Protein chains: 2
Amino acid sequence: MSTKNTKCTSVQVGKRSVRLDKPAYILQSASVVGTKESEGPLGDLFDLVGENDKFGEDSWEMAEATLQKDALTLAIGKAKLTPRDIRYVFAGDLLGQAMASSFGLESFEIPLFGLYGACSTCGESLSLAAMTVAAGYGNYVAAVTSSHFASAEKQFRFPLEYANQRPMCATWTVTGSGAYILGSKTKENESPLGRITGVTTGVIVDYGIKDSMNMGAAMAPAACETIETHFKDFGINPKEYDKIITGDLGTVGSEILTTMLKERGYEISRQHEDCGVKIFDDETQNTGAGGSGCGCSASVLSAYYLPKIASGELKKILFVPTGALLSPVSFNEGQSVPGIAHAVVIEHVEV
Amino acid sequence: MSTKNTKCTSVQVGKRSVRLDKPAYILQSASVVGTKESEGPLGDLFDLVGENDKFGEDSWEMAEATLQKDALTLAIGKAKLTPRDIRYVFAGDLLGQAMASSFGLESFEIPLFGLYGACSTCGESLSLAAMTVAAGYGNYVAAVTSSHFASAEKQFRFPLEYANQRPMCATWTVTGSGAYILGSKTKENESPLGRITGVTTGVIVDYGIKDSMNMGAAMAPAACETIETHFKDFGINPKEYDKIITGDLGTVGSEILTTMLKERGYEISRQHEDCGVKIFDDETQNTGAGGSGCGCSASVLSAYYLPKIASGELKKILFVPTGALLSPVSFNEGQSVPGIAHAVVIEHVEV
């Protein structure tokens, strides 16, 4: 029986935040995406691109499971670890009963905490993984999430064969996965990609939006709520950050967010960017208001933002994926679409 | 901006366990169930029973959301707290996209970490809540989960109106919710119900079972794996515990579990009990192999076992809810049913 004692300090800050004084480094990450994503503005930056969106499987759901499996395999390899080194994995996806995560992660035999946060799952999983590492519960902890355009359409709207039409405010679910390896210390001569130093956890926010084709409007209030709480909890303002990055509000949701925060005294236009707006080029790719899904924020953080944090081009960012907590049943039964947003603070590490 | 510094010690034990040296008390809990459960052997013990299984709502899913809302409201009240005192809630259910949790918990405005662990969710949520409290991230943290017979049948099998027939090995999804308030310290002159002192986290275990009507067989291997790992991690044997309690293996799964563990050198027949076997009387209630669902373990732990721990009749138990990680889609696409089991150690507190 092996034991390892670790002292740690955690600080509860304000209403809903923690400051992590013990390190929770992002040691490595990996991104795996589909063909449409590879053809977008960030196409060259992703680690792995599928030849087609089936990823060698017979169904969309198993293709999405393979996305997670490949992303985690890559991330573990990049960190020069093996699955046995990973103490916990926090993982989730959009599908009912977390199907992609369960089937994708089965073979690793890593202790699993399954999550559901809709498209906020990357923020939720990074929050919990960082808190777990900083508390000393695990030296290496993974966070993984994914989405797949076809499995999401089948789950939430209609199978692709129905050729369903989409309004311009609709977003396009990203086929992608991002996996992160967090650790309490870095390996000798190796710099971490960054460090998670703070977490602000979301509450459910429901402004009564009932349009399942306008996820940006459904989620923007939750992003506003979490970001405003974050600023108040830490006694800071937007200038604290080089970037404030939402997961998949898209163009519509982004405008609502910046307007709402301005009304509350916070001007974030200079810092704000959105992964859903970054990942596709609507003019050439016809993706409406932008990308969405757990895999959107997860793949873009890994492929686009973390390298900038690692290099020091960005010193400190607030990463705020948002989720729309609807289900096909809730929508069909006339319920509104509640939202939630989880924020993590990621900082450059000077070596 | 308020801050609160807390030192904590956590100990990683063996492959997949932690020992919580800082207190994570179960301060209070509450159980809410439906009519069938109230007519069973434990009927008088539950806190609240619905007049019918609609709980005043128009749909089964919103009825289940109300179960969670009522259970958490009761538990918070019993703990003499308000929702504002609760730093985090860890919650999940069986429905796609955690519908019952999202809609049930919305009004509390408590920072939410949504989970998916199928019927293991009570173990998963208690694990994370205890680790969170012991790490100093929150003074009061809640864990909630639920299931509902009708919403589960509609989600996983068929709407009730189809009058689907069930084999004897099938289990009956419990209409119920259990909510727990964990805290880092007790109030003056008040004894906690118990204390969580250890956690062993599950890995996904898949023995290739494809029968969605035999959840016991699908989940027993996961229970075996987690329990065996727990014993090895802590260097103990079954005699350490007054009871080893599984969530909802039912009669079939329980027999498989005790056989599997015996083959591995662990005789647990004297200690083992199963919440699914406890909650219904099959002879009079026609519930097949027993109760199942997240609400099974959650309501039975609260109503039946925690009072025995609080009184000292039981000094130390191992509580091991299991989950079957199938979805309607995975089952229909011919996938097997993977399982997972999360174990928590709950001890009596001498005052």
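Calculation criteria
- Residues numbered from 1 in each chain as written.
- Chains lettered and ligands numbered in written order.
- Predicted model: local features only at pLDDT ≥ 70, side-chain atom pairs only at ≥ 80, totals over all residues.
- Heavy atoms only, no water.
- Helix = DSSP H or I, 4+ residues; strand = E, 2+ residues; numbered from the N terminus.
- Buried < 20%, exposed > 50% of the residue type's maximum accessible area, 1.4 Å probe, protein only.
- Contact = heavy atoms within 4.5 Å.
- Areas by Shrake-Rupley, 256 points an atom, 1.4 Å probe, with all protein chains shown as cover.
- Lys, Arg positive; Asp, Glu negative; His and termini not counted.
- Charge placed at Lys NZ, Arg CZ, Asp CG, Glu CD.
- pLDDT = per-residue confidence, 0-100.
- Expected span 1.5 Å × (residues − 1).
- Arc of directions from axis to C-beta.
- Least-squares fit on C-alpha atoms with pLDDT ≥ 70 in both.
- Domains from an automatic or database assignment.
- Buried area = accessible area lost by both parts, 1.4 Å probe.
- Salt bridge = Lys/Arg side-chain N within 4 Å of Asp/Glu carboxyl O.
- Polar contact = N/O pair within 3.5 Å; in protein donor to acceptor, adjacent residues only side chain to side chain.
- Nonpolar A, V, L, I, M, F, W, Y, C, P; charged D, E, K, R; others polar.
- Axes fitted to C-alpha atoms, helices over the stretch in contact; angles between N-to-C directions.
- Parallel < 35°, antiparallel > 145°, perpendicular 65-115°, else oblique.
- Left-handed = near helix turned anticlockwise from the far one by under 90°.
- Phe/Tyr/Trp six-rings, centres within 6.5 Å; stacked < 30°, edge-to-face > 60°.
- Pairing = 2+ DSSP bridges.

### What to know about the overall build of chain A
Then, in step 1: When helices and strands are counted, chain A shows 11 helices and 17 strands.
Then, in step 2: Among the 351 residues that make up chain A, the fraction classed as buried is 68%.
Then, in step 3: For chain A, restricting intrachain contacts to residue pairs at least 6 apart in sequence, the fraction spanning at least 24 positions comes to 78%.
Then, in step 4: When the accessible surface of chain A is split by element, carbon and sulfur atoms take 47% of a total near 11700 Å².
Then, in step 5: The averaged location of the 41 negative side-chain charges in chain A is 9 Å from the averaged location of its 30 positive side-chain charges.

### Examining the environment of Ile181 of chain A
Then, in step 1: Here Ile181 of chain A is to be found in strand β9 (residues 176-183).
Then, in step 2: Each residue touching Ile181 of chain A, except ones within four places of it in the same chain, is listed here: Tyr25, Ile26, Leu27, Gln28, Leu72, Ala75, Ile76, Ala79, Leu81, Ile86, Val141 and Ala142 of chain A.

### Looking at the environment of Thr175 of chain B
Residue and element names in this part refer to chain B.
Then, in step 1: Structurally, Thr175 is set in the loop between β8 (172-173) and β9 (176-183).
Then, in step 2: For the pair Thr175 and Gly291, spaced 116 residues apart in the sequence, the C-alpha separation amounts to 9.4 Å.
Then, in step 3: With residues near it in sequence (within four places) discarded, Thr175 still touches Val32, Val33, Gly34, Glu37, Asp53, Phe55, Leu67, Ser147, His148 and Phe149.

### Comments concerning the confidence of the model for chain A
Then, in step 1: Residues at a pLDDT of 70 or more form 97% of chain A, whose mean pLDDT is 91.
Then, in step 2: Confidence drops under a pLDDT of 50 for residues 1-9 of chain A, and excluding neighbours within four residues, the segment shows 37 contacts in the predicted structure.

### What to know about helix α7 (residues 250-263) of chain B
All names here are of chain B.
Then, in step 1: Compared with an ideal rise of 1.5 Å per residue, which puts 14 residues at 20 Å, α7 spans 20 Å between its outermost C-alpha atoms and is within 8% of the ideal.
Then, in step 2: Looking at α7, one finds that the buried residues are Gly250, Gly253, Ser254, Leu257, Met260 and Leu261. Down the axis of α7, the buried side of the element spans an arc of 135 degrees, and every buried residue falls inside it. Residues of α7 that are exposed and point more than 90 degrees away from the buried face comprise Glu255, Lys262 and Glu263.
Then, in step 3: Downstream of α7 by one or two residues, Gly265 has phi in the positive range, about 95 degrees.

### Digging into the relation of the copies chain A and chain B
Then, in step 1: For the pair chain A and chain B, the best superposition has an RMSD of 0.0 Å and corresponds to a rotation of 180 degrees with a translation of 0.0 Å parallel to the axis. Viewed as a symmetry operation, the transformation between the two copies matches a two-fold axis.

### Comments concerning the domain arrangement of chain A
Residue and element names in this part refer to chain A.
Then, in step 1: Split into domains, chain A comes out as domain 1 (23-183) and domain 2 (195-347).
Then, in step 2: Using only C-alpha atoms to locate each centre, domain 1 and domain 2 end up separated by 18 Å.
Then, in step 3: Across the boundary between the two partners, domain 1 contributes 53 residues, which contact 50 residues of domain 2.
Then, in step 4: Note on domain 1 versus domain 2: buried area summed over both sides is about 3900 Å², and carbon and sulfur give 69% of it.
Then, in step 5: Taken together, the links from domain 1 to domain 2 amount to zero salt bridges.
Then, in step 6: Between the two partners, domain 1 and domain 2, sit 12 residue pairs in polar contact (both at pLDDT 80 or more).
Then, in step 7: Looking at the side of domain 1 that touches domain 2, the elements that each hand over two or more residues are β3 (25-33), α1 (35-38), α4 (121-134), β7 (140-147), α5 (149-156), β8 (172-173) and β9.
Then, in step 8: Looking at which element gives the most residues to the side of domain 1 that touches domain 2, the answer is α4, with eight residues.
Then, in step 9: Residue composition of the side of domain 1 that touches domain 2, grouped by class: 27 nonpolar, 19 polar and seven charged.

### Quick look at helix α2 (residues 60-78) of chain A
All names here are of chain A.
Then, in step 1: The terminal C-alpha atoms of α2 lie 27 Å apart, and with 19 residues this matches the ideal 27 Å at 1.5 Å per residue to within 8%.
Then, in step 2: Buried within α2 are the following residues: Glu61, Met62, Ala63, Glu64, Ala65, Thr66, Leu67, Gln68, Ala71, Leu72, Ala75 and Ile76.
Then, in step 3: Following α2 by one or two positions, Lys80 adopts a phi angle in the positive range, close to 55 degrees.

### Observations regarding the interface of chain A and chain B
Interface size is commonly expressed as the accessible area that is lost once the parts come together.
Then, in step 1: Contact residues are listed per partner, giving 78 residues for chain A and 78 residues for chain B.
Then, in step 2: Counting each side, the surface lost to burial between chain A and chain B is near 6200 Å², with a carbon and sulfur contribution of 56%.
Then, in step 3: It is Gln12, Gln97 and Tyr137 of chain A that lose the most area in chain A upon contact with chain B, and together they represent 15% of the buried surface on that side.
Then, in step 4: Scanning the region where chain A abuts chain B turns up zero salt bridges.
Then, in step 5: Counting across the interface, chain A meets chain B through 22 residue pairs in polar contact (both at pLDDT 80 or more).
Then, in step 6: Sorting elements by how many residues they give to the side of chain A that touches chain B places strand β1 (residues 3-13) of chain A first, with 11 residues.
Then, in step 7: Among the residues making up the side of chain A that touches chain B, the classes are represented as 36 nonpolar, 28 polar and 14 charged.

### Thoughts on unusual backbone geometry
Then, in step 1: If you check the backbone angles, Lys80 of chain A has positive phi at about 55 degrees while not being a glycine.
Then, in step 2: Structurally, Lys80 of chain A can be placed in the loop between α2 and β5 (88-93).
Then, in step 3: The backbone of Glu109 of chain B shows a phi angle near 55 degrees, a positive value even though the residue is not glycine.
Then, in step 4: Within the element layout of this structure, Glu109 of chain B appears in the loop between α3 (99-105) and β6 (112-114).
Then, in step 5: Among the residues examined, Glu109 of chain B registers a relative accessible area of 57% and is labelled exposed.

### Let's talk about the packing of α2 of chain A against α5 of chain A
All names here are of chain A.
Then, in step 1: Between α2 and α5, whose axes approach to 8 Å, the crossing angle comes to 130 degrees. When the axis of α2 is compared with that of α5, the two are oblique. The two elements α2 and α5 meet at a crossing, and its hand is left-handed. Across the interface between the two elements, Trp60, Glu61 and Glu64 from α2 touch Ala150, Ser151 and Lys154 from α5.
Then, in step 2: The class makeup of the residues in the contact of α2 with α5 is two nonpolar, one polar and three charged.

### Quick word on the packing of aromatic side chains
Then, in step 1: One pass over the full model with this rule turns up 10 aromatic pairs over all chains.
Then, in step 2: Both rings, one in Tyr88 of chain A and one in Phe113 of chain A, keep their centres 5.3 Å apart while their planes meet at 35 degrees; by these two values the pair is tilted. On the criterion of sequence distance, the pair formed by Tyr88 of chain A in strand β5 and Phe113 of chain A in strand β6 (residues 112-114) is long-range, its members being 25 residues apart. One exposure class covers both Tyr88 of chain A and Phe113 of chain A, and it is buried.
Then, in step 3: Summarising the aromatic geometry, the rings of Tyr304 of chain B and Tyr305 of chain B are spaced 4.7 Å apart at their centres and angled 80 degrees between planes, so their arrangement reads as edge-to-face.
Then, in step 4: What makes Tyr305 of chain B buried here is its relative accessible area of 0%.

### Here's the deal with the environment of Tyr140 of chain B
Residues and elements named next belong to chain B.
Then, in step 1: Relative to the assigned elements, Tyr140 resides in strand β7 (residues 140-147).
Then, in step 2: You can call Tyr140 buried: its relative accessible area is 15%.
Then, in step 3: Placed 119 residues apart in sequence, Tyr140 and Asp21 show a C-alpha to C-alpha distance of 17 Å.

### Topic: the pairing of β7 of chain A
Residues and elements named next belong to chain A.
Then, in step 1: Of all eight residues making up β7, eight are buried, and the element is well covered by its neighbours.
Then, in step 2: Burial along β7 is two-sided: the residues Tyr140, Ala142, Val144 and Ser146 and Val141, Ala143, Thr145 and Ser147 are all buried.
Then, in step 3: Where β5 lies against β7, six bridges are found, and the strand directions are parallel. Among the inter-strand pairings, Phe90 is bridged to a residue of β7, identified as Ala143.
Then, in step 4: Two elements, β7 and β9, share eight bridges in a ladder whose sense is antiparallel.

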